[in-house]
Amino acid sequence: MGTEDQRGRITIDLFSTLDGVQQAPGGPEEDPSDGFRFGGWQAPLNDPAVGEWVMAGMDGMDALLLGRRTYDIFAGYWPQHTTGDAEGVIGRLFDRIPKYVASRGTPRLDWQGSMLLGPDLLAEVDALRDKHRNVHVIGSIDFARTLFDAQLFDELKLWMYPVVLGAGKSLFHDGTVPASLRLLGPAETSPDGVVQLRYAPNGEPSVGDMIAD
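These numbers were taken from a predicted model, which means no experiment stands behind them.

Glancing now at the overall build of the chain. When its secondary structure is counted, the chain shows five helices and nine strands. Overall, the chain shows an N-to-C arrangement of helices and strands of β-α-β-α-α-β-β-α-β-α-β-β-β-β. Relative to the 2.2 N^0.38 estimate, which gives 17 Å for 213 residues, the radius of gyration of the chain is 18 Å and therefore close to what a compact globule would have. By principal-axis analysis of the C-alpha atoms, the chain measures approximately 65 × 45 × 35 Å. Counting all 213 residues of the chain, 44% fall into the buried class. Sequence separation of at least 24 residues holds for 71% of the intrachain contacts in the chain that already meet a minimum separation of 6. Total accessible area on the chain is roughly 11500 Å²; 53% of this is exposed by carbon and sulfur atoms. Computed over 18 positive and 31 negative side-chain charges, the separation of the two mean positions in the chain equals 6 Å.

Set out below in structure tokens:
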């Protein structure tokens, strides 16, 4: 096992509305569960600055860590999009690097380089830090909740869009384990109002009293 300084990093990447909804940003069929009717909410706000941030964040990525639903979406799309400029760069990267999948079932994983994680999920995820330098969890809200509650991540990266939906899946839900976060750098804001925020886990929340005697 490597020391903490030598171990790789796990980053959770999520597109989010202002009210914390991260469900189905890419399209109507991405995740219509629970009657969600705003699938594709990100598409009208296709911000070039966000594209630049996403590409910069992929620098050095050497593994993907995905929930089953997101894996199926990616496996159905990215292997057919490996040519061209920005999209092709992402497609070629995803096609090349290992893909680790969390699932309670035994899905067929036909995309090259795909592996199913075993039942000791948290231990296996933690062990990936000794195999890879830069592991990314993209989307995969239910799986990301598990990692957040276990504080098994090194960076939470949120792209906050100026949209409020009022309902939908969120990383933060009833029953979320209380946690404190530490800002890793100044927030960045795009011309269209998208804000990039980067946080690291910072233990349990502390409390105090704002009213002085």
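Next up on the list: the pattern of salt bridges. With the rule as written, the count across this model stands at 12 salt bridges. For glutamate 155, the salt bridge is made with arginine 9, and the minimal N-O distance between the two is 3.1 Å. Taken together, the positions of glutamate 155 in strand β6 (residues 155-161) and arginine 9 in strand β1 (residues 9-17) put the pair 146 residues apart, joining distant regions of the chain. Residue class for glutamate 155 comes out buried when judged on its relative accessible area of 6%. When the shortest N-O distance is used, the salt bridge between lysine 169 and aspartate 142 registers 3.8 Å. Of this pair, lysine 169 sits in the loop between β6 and β7 (181-183) while aspartate 142 sits in helix α5 (residues 141-149), and the two are 27 residues apart along the sequence. Members of the salt-bridge network, linked through shared partners, are Arg7, Asp126, Arg129, Asp130 and Asp154.

Now for unusual backbone geometry. The residue aspartate 34 is not glycine, and still its phi comes out positive at about 60 degrees. Following the sequence through the fold, aspartate 34 ends up in the loop between β1 and α1 (48-57).

The next subject is the nonpolar core. With 27 residues, the main nonpolar core has Leu64, Phe74 and Phe94 as its most contacted residues. Once residues lying within four places of it in the same chain are set aside, the contact partners of leucine 64 are Phe74, Phe94, Ile97, Pro98, Lys99, Tyr100, His136 and Ile138.

Structural remark: α-helix, 3.6 residues per turn; residues separated by three or four positions point the same way. The complete set of buried residues in α5 reads Ile141, Phe143, Ala144, Arg145, Leu147 and Phe148. Backbone geometry just downstream of α5 places glutamine 151 in the positive-phi region, at approximately 55 degrees.

A word on the packing of aromatic side chains. For the structure shown, the criterion picks out 10 aromatic pairs. Ring centres of phenylalanine 15 and tyrosine 161 lie 6.2 Å apart, and the angle between their planes is 75 degrees; on these two criteria the pair is classed as edge-to-face. In this pair, phenylalanine 15 is assigned in strand β1 and tyrosine 161 in strand β6, connecting sequence segments 146 residues apart. Since its relative accessible area comes to 22%, phenylalanine 15 is described here as partly exposed. Owing to a relative accessible area of 1%, tyrosine 161 belongs among the buried residues under this scheme. Look at phenylalanine 74 and phenylalanine 94: their rings are 5.6 Å apart centre to centre, the planes differ by 10 degrees, and that puts the pair in the stacked class. Taken together, the positions of phenylalanine 74 in helix α2 (residues 68-77) and phenylalanine 94 in helix α3 (residues 86-96) put the pair 20 residues apart, joining distant regions of the chain. The burial state of phenylalanine 74 is the same as that of phenylalanine 94; both residues are buried.

The rules behind each value
Residues numbered from 1 in each chain as written. Predicted model: local features only at pLDDT ≥ 70, side-chain atom pairs only at ≥ 80, totals over all residues. Heavy atoms only, no water. Helix = DSSP H or I, 4+ residues; strand = E, 2+ residues; numbered from the N terminus. Rg over C-alpha atoms; globule rule 2.2 N^0.38 Å. Buried < 20%, exposed > 50% of the residue type's maximum accessible area, 1.4 Å probe, protein only. Contact = heavy atoms within 4.5 Å. Areas by Shrake-Rupley, 256 points an atom, 1.4 Å probe, with all protein chains shown as cover. Lys, Arg positive; Asp, Glu negative; His and termini not counted. Charge placed at Lys NZ, Arg CZ, Asp CG, Glu CD. Salt bridge = Lys/Arg side-chain N within 4 Å of Asp/Glu carboxyl O. Core = buried A, V, L, I, M, F, W, Y, C linked by side-chain atoms within 4.5 Å. Phe/Tyr/Trp six-rings, centres within 6.5 Å; stacked < 30°, edge-to-face > 60°.

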